[in-house]
2 protein chains.
Amino acid sequence: MEEIKLFAPATIANVSCGFDVLGLCLDTVGDEMTIRKTTTKGVTISKIIGQPLPLDPAKNVAGVAALALLKQLDINTGFDIQIIKNIKPGSGIGSSAASAAGAVFGINKLLGTPFSIHELIEFAMEGEKLASGTAHADNVAPALLGGFTLVRSYDPLDIIKINTPKELYATVIHPQIEIKTSDARSVLKQKISLKETVIQLGNLGGLISGLYTEDYDLISRSLHDEIVEPYRSILIPEFDTVREVAKKVGALGTGISGSGPSVFALSKGKEIAKTVGEAMSKVYQNTTIDFDVHVSKINSTGVKII
Amino acid sequence: MEEIKLFAPATIANVSCGFDVLGLCLDTVGDEMTIRKTTTKGVTISKIIGQPLPLDPAKNVAGVAALALLKQLDINTGFDIQIIKNIKPGSGIGSSAASAAGAVFGINKLLGTPFSIHELIEFAMEGEKLASGTAHADNVAPALLGGFTLVRSYDPLDIIKINTPKELYATVIHPQIEIKTSDARSVLKQKISLKETVIQLGNLGGLISGLYTEDYDLISRSLHDEIVEPYRSILIPEFDTVREVAKKVGALGTGISGSGPSVFALSKGKEIAKTVGEAMSKVYQNTTIDFDVHVSKINSTGVKII
């Protein structure tokens, strides 16, 4: 195989009560990537369509992730990457993670899969480090593994794939305002009360139980974030209204996608997820804020060959 | 039915990373209770063998729990309770919870089960309130439901039963020193860093995943308490040594049972659990501290009729 075409999915990190540990993978939102073997050692990025991103591999998340992988091998082959960028950087649905995950997945396939998916996660995390300063895994893990993932630990890295209930759909609305990851971090409280921690533990435990037992009511009751949403949501215009209308038309629950500004809802079944998208859209239609809305099944496989 | 004989099990609250939310039920450690219908309204406690506990129902956890249940009914029957108290109060394995859970379970049976198990948990919590000042559920829930339980929320009360892996055994060692629940609370930090909270969330998520998927390695990796054990363990002599020897002979992990002083270990299979008990015992044999040791399968049903 000399060339591979991929769908590199968008992802939702945090998932309400799972701050910094949970993530999930979307199915119909993502980038297209073409990766081709070349005869020159190293990585080139010959084309990026859709976003003004750097072609220099050392300054591009896909390039950095690819280089982290190739550093582990003694080979003379190189790789060229082309990206059709459908995910907007800064949207909070894992734009950098999609590119990093797609690059390492594709190169690994073209090389006959010398690395495990868990090793690929570590390479892709190097791309995240370039993008945000932190080698976090809560977007690259679901992008590569699919479904819901838990970062049990960073030291050592320990990623667990959680069961995905069959009828679970995500709706994501992206109000096109800019929130820098650094700003989204700075509004967080650095000290949490023991009581708030216990509430968060209860809800995370409930959500994970609900995912395994496919108990949609329990998932719904557990989608409550005690420690981050109250502060970060202030940065997102109309957040409270979006949450209210989504719940009103049947969403199981809502949350901030990653560090925002995208807001997600989870629903049982595609029809409710679409209705939720329409209700959320109406909120921003009454403002001057542009927005995108996506409705997607949870993608249980991650990056796909197309 | 005029009389019922019960086994009221001991329980382990917190279970390492599940501070204030997780609990599990033991199978071979517990009290025996006999509950009998009487013709006089109200509750009497005619006998307690094994411990010097008050017979006045208003001052006894079993009595208070029973009275909370009867308050909901308009009946002329009363109940007499007799207890063979095998669980030592102050041991940290749910002595008060066993009595409260047994009392409400037995009376409910004699009345033809007018209440659900979840309602019984609320009555039993009134007993806990008498014992410790707080109506906590992390011992009474596993005592009544069996297996592993999660307190997802107190407001409203929402208790989830978690899957119990078939080969999971608990070893509990009770060094006979006194730690008051109030002291065990006062050593806790009231503010937790965001970083510590995230580590705890990762481990709780990992433990719950491991329980559902019966992944003993994952359970083992997740049995780490970031927020309570470092402080509370200081109150338990030889804690670090007990933990080390347990792990050395094959325990999946260890933790403080409830607010201590009992220390528990979880193991895969009865043989390892017994070896862990012997290793833990040797630690206290080299001291002047008296101790009890228990090895038990996880009890998946809770209070039992005998």
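Residues numbered from 1 in each chain as written. Chains lettered and ligands numbered in written order. Predicted model: local features only at pLDDT ≥ 70, side-chain atom pairs only at ≥ 80, totals over all residues.

Overview of the overall build of chain A
Right, on to step 1. Assigned secondary structure in chain A consists of 10 helices and 12 strands.
Right, on to step 2. Taking 306 residues into account, the globule formula puts the C-alpha radius of gyration at 19 Å, and chain A, at 19 Å, falls close to it.
Right, on to step 3. With the principal axes as the frame, chain A shows a C-alpha extent of 55 × 40 × 35 Å.
Right, on to step 4. In chain A, buried positions account for 57% of the 306 residues.
Right, on to step 5. The long-range share in chain A, meaning contacts at least 24 apart out of those at least 6 apart in sequence, stands at 73%. (Helix = DSSP H or I, 4+ residues; strand = E, 2+ residues; numbered from the N terminus. Rg over C-alpha atoms; globule rule 2.2 N^0.38 Å. Buried ≥ 20, exposed ≤ 12 C-beta atoms within 10 Å, placed from the backbone. Contact = placed C-beta atoms within 7 Å.)

Thoughts on the sheet that holds strand β9 (residues 253–256) of chain A
Paired through backbone hydrogen bonds, the strands of a sheet run either parallel or antiparallel to each other.
All names here are of chain A.
Right, on to step 1. Sheet architecture is open: 4 strands sit in the order β9-β10-β7-β11, paired in antiparallel fashion. For this open sheet the edge positions go to β9 and β11 (291–297), each flanked by a neighbour on one side alone. Pairwise comparison of adjacent strand axes, ignoring direction, gives a mean angle of 20° for this sheet.
Right, on to step 2. Where β9 meets strand β10 (residues 263–268), 4 bridges bridge the pair, whose relative direction is antiparallel. Each bridged residue has a counterpart across the sheet, and for T254 the counterpart in β10 is A265.
Right, on to step 3. Along the sheet, helix α10 (residues 270–285) makes contact with β7 (168–175), β10 and β11, crossing β7 at roughly 15°. (Pairing = 2+ DSSP bridges. Axes fitted to C-alpha atoms, helices over the stretch in contact; angles between N-to-C directions.)

Digging into the packing of helix α9 (residues 239–248) of chain A against α10(A)
Residue and element names in this part refer to chain A.
Right, on to step 1. Contact pair α9 / α10: the axes reach a minimum separation of 9 Å and the direction vectors enclose 150°. The angle between α9 and α10 falls in the class roughly antiparallel. The element α9 and its partner α10 pack so that their crossing is right-handed. Residues T241, V242, V245 and A246 of α9 form the contact with α10, whose own contacting residues are V276, A279, M280 and V283.
Right, on to step 2. Residues that form the contact of α9 with α10 fall into these classes: 7 nonpolar, 1 polar and no charged. (Parallel < 35°, antiparallel > 145°, perpendicular 65-115°, else oblique. Left-handed = near helix turned anticlockwise from the far one by under 90°. Nonpolar A, V, L, I, M, F, W, Y, C, P; charged D, E, K, R; others polar.)

A few points about the interface of chain A and chain B
Right, on to step 1. Taken together, the contact pairs 34 residues of chain A with 33 residues of chain B.
Right, on to step 2. Counting only elements with at least two residues in the side of chain A that touches chain B, the list comes to β5 (148–154), β6 (157–162), β8 (191–193), α6 (194–213) and α7 (216–222) of chain A.
Right, on to step 3. The element that contributes the greatest number of residues to the side of chain A that touches chain B is α6(A), accounting for 13 residues.
Right, on to step 4. Class assignment of the residues belonging to the side of chain A that touches chain B gives a composition of 16 nonpolar, 12 polar and 6 charged.
Right, on to step 5. Both β8(A) and strand β8 (residues 191–193) of chain B contribute to a ladder of 3 bridges, which runs antiparallel. The residue of β8(B) that forms the bridge with I192(A) is I192(B).

So, the pairing of strand β2 (residues 22–38) of chain B
All names here are of chain B.
Right, on to step 1. Where strand β1 (residues 3–13) meets β2, 10 bridges bridge the pair, whose relative direction is antiparallel. When the sheet's bridge partners are listed, T11 is paired in β2 with C25.
Right, on to step 2. In terms of strand pairing, β2 meets strand β4 (residues 78–84) through 7 bridges, oriented antiparallel. For E32, the partnering residue across the bridge sits in β4 and is I84.

Section: the domain arrangement of chain A
Residues and elements named next belong to chain A.
Right, on to step 1. When the domains of chain A are assigned, the result is domain 1 (3–162) and domain 2 (168–297).
Right, on to step 2. The centre of domain 1, based on its C-alpha atoms, is set 24 Å off from the matching centre of domain 2.
Right, on to step 3. Facing 23 residues of domain 1, the contacting portion of domain 2 comprises 30 residues.
Right, on to step 4. Secondary-structure elements contributing two or more residues to the side of domain 1 that touches domain 2 are β1 (3–13) and β2 (22–38).
Right, on to step 5. Residue contributions to the side of domain 1 that touches domain 2 peak at 5 residues, all from β2. (Domains from an automatic or database assignment.)

Focus: the relation of the copies chain A and chain B
Right, on to step 1. With an RMSD of 0.0 Å, chain A superimposes on chain B once it is rotated by 180° and translated 0.0 Å along the axis. Considering both components of the superposition, the chain copies are consistent with a two-fold axis. No C-alpha of chain A approaches the rotation axis more nearly than that of I192(A), which lies at 2.5 Å. (Least-squares fit on C-alpha atoms with pLDDT ≥ 70 in both.)

Concerning unusual backbone geometry
Working note: non-glycine residues mostly have negative phi, and peptide bonds are mostly trans.
Right, on to step 1. The linkage connecting D155(A) with the following residue, P156(A), adopts the cis geometry, with an omega of 0°.
Right, on to step 2. By the secondary structure assignment, P156(A) is in the loop between β5 and β6.
Right, on to step 3. Located in the positive-phi region is E214(B), a residue other than glycine, with phi close to 55°.
Right, on to step 4. Structurally, the position occupied by E214(B) is in the loop between α6 (194–213) and α7 (216–222).
Right, on to step 5. The partly exposed category is assigned to E214(B), around which 15 C-beta atoms lie within 10 Å.

A short note on the sheet that holds strand β11 (residues 291–297) of chain B
All names here are of chain B.
Right, on to step 1. Taken in spatial order, the 4 strands make up an open sheet running β9-β10-β7-β11, and their pairing is antiparallel. Unpaired on one side and paired on the other, β9 (253–256) and β11 mark the two borders of the sheet. Taking each pair of neighbouring strands and ignoring which way they run, the sheet shows an average axis angle of 20°.
Right, on to step 2. Two elements, strand β7 (residues 168–175) and β11, share 7 bridges in a ladder whose sense is antiparallel. Bridging from a neighbouring strand, V172 pairs with H294 of β11.
Right, on to step 3. In the packing of helix α10 (residues 270–285) onto the sheet, the strands contacted are β7, β10 (263–268) and β11, and the crossing angle to β7 comes to about 15°.

Observations concerning the environment of L111(B)
Right, on to step 1. Position of L111(B) among the secondary structure elements: in the loop between α2 (95–110) and α3 (117–132).
Right, on to step 2. Sequence separation between L111(B) and L150(B) is 39 residues; the distance between their C-alpha atoms is 28 Å.

Examining helix α1 (residues 61–70) of chain B
Residues and elements named next belong to chain B.
Right, on to step 1. Buried residues dominate α1, accounting for 9 of its 10 residues.
Right, on to step 2. Within the span of α1, buried status applies to V61, A62, G63, V64, A65, A66, A68, L69 and L70.
Right, on to step 3. Of the surrounding secondary structure, the elements contacted by the buried residues of α1 are β3 (42–49), β4, α2 and α3.

Overview of the environment of G206(A)
Right, on to step 1. Along the chain, G206(A) turns up in helix α6.
Right, on to step 2. Along the chain, G206(A) and R221(A) lie 15 residues apart, while their C-alpha atoms are 7.9 Å from each other.
Right, on to step 3. When near neighbours in sequence (up to four residues on either side) are disregarded, G206(A) contacts L218(A), R221(A), S222(A), L150(B), R152(B) and I160(B).

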